[in-house]
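Letter by letter, the chains look like this.
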Amino acid sequence: MLALPFKRPDGDADWAGALDRYIRRAYSARQADAHAAAGRLVDETRRLAFAQPLTDKTAGLLRAALLRYLRLLGSLERRFDLGELELASVWRSAFNPSAKQREPSAQFERAAALYNLAAVLSFEATAEQRSDADGIRRACQLLQLAAGL
């Protein structure tokens, strides 16, 4: 079984700043100030989702953090027009870490997070004990989940 390599962000995406600018432009400065903590929460959740290396000990934590980050992104997509959000994120290629790609798109950020969730699931599948039928079944289920992302 093969596991997908984990993608790494190159620097931080400034969700707090991007959301603040968008809310000030679309709504008001008062609304932006009232929701500043929410922007910082998105930044912190992103940092937790991508800060740790993928190991046996961190796989479960990374999976939970990535799922939380993806839920936050989904919530933001329902509330704001993310196409107008001035968010630029830089990601290193999972297969060639020296290659970087910068995209001013929240959808690219979501795609990278989904890829990393698939990488975590495939890593967990390779860590399953495959000497019995239950272990093989669990590993196959994890790989199916990863493929479905």
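The structure under discussion appears in the preceding block.
What comes next concerns the included structure. (Residues numbered from 1 in each chain as written. Predicted model: local features only at pLDDT ≥ 70, side-chain atom pairs only at ≥ 80, totals over all residues. Heavy atoms only, no water.)

## Quick notes on the packing of helix H5 (residues 106-127) against helix H6 (residues 133-148)
Where H5 contacts H6, the two axes come as close as 8 Å, and the packing angle between them is 165°. The angle between the axes of H5 and H6 places the two elements in the roughly antiparallel class. H5 and H6 meet at a crossing whose hand is left-handed. Residues Ala118, Leu121, Ser122, Glu124 and Ala125 of H5 form the contact with H6, whose participating residues are Ala139, Leu142, Leu143, Leu145 and Ala146. In terms of residue class, the contact of H5 with H6 is made up of eight nonpolar, one polar and one charged. (Axes fitted to C-alpha atoms, helices over the stretch in contact; angles between N-to-C directions. Helix = DSSP H or I, 4+ residues; strand = E, 2+ residues; numbered from the N terminus. Parallel < 35°, antiparallel > 145°, perpendicular 65-115°, else oblique. Left-handed = near helix turned anticlockwise from the far one by under 90°. Contact = heavy atoms within 4.5 Å. Nonpolar A, V, L, I, M, F, W, Y, C, P; charged D, E, K, R; others polar.)

## Some words on the layout of surface pockets
In this structure, the largest pocket encloses a volume near 300 Å³. Lining the largest pocket are 18 residues; nearest its centre among them are Ile23, His35, Ala38, Leu76 and Phe80. Where the lining of the largest pocket is concerned, the elements lending two or more residues are helix H1 (15-26), helix H2 (29-34), helix H3 (36-50) and helix H4 (59-79). Looking at the lining of the largest pocket, the element that brings in the most residues is H3, giving five residues. For the lining of the largest pocket, the class distribution of residues is twelve nonpolar, four polar and two charged. (1 Å grid on protein atoms, 1.4 Å probe; cavity = no way out; pocket = protein on both sides within 12 Å on 5 of 7 lines; lining within 4 Å. Points joined across faces, edges and corners; volume = space filled by probe spheres on them.)

## Remarks on the pattern of salt bridges
Going through the model one piece at a time under the given rule, you end up with ten salt bridges. The shortest N-O distance in the salt bridge between glutamate 77 and arginine 110 comes to 4.0 Å. On the criterion of sequence distance, the pair formed by glutamate 77 in helix H4 and arginine 110 in helix H5 is long-range, its members being 33 residues apart. In this structure glutamate 77 comes out as partly exposed when scored by relative accessible area, which is 31%. When the shortest N-O distance is used, the salt bridge between glutamate 128 and arginine 138 registers 2.8 Å. Here glutamate 128, found in the loop between H5 and H6, pairs with arginine 138, found in helix H6; they are ten residues apart in sequence, far enough to count as distant. In this structure arginine 138 comes out as partly exposed when scored by relative accessible area, which is 37%. Connected via shared salt-bridge partners are Asp10, Arg92 and Lys100. (Salt bridge = Lys/Arg side-chain N within 4 Å of Asp/Glu carboxyl O. Buried < 20%, exposed > 50% of the residue type's maximum accessible area, 1.4 Å probe, protein only.)

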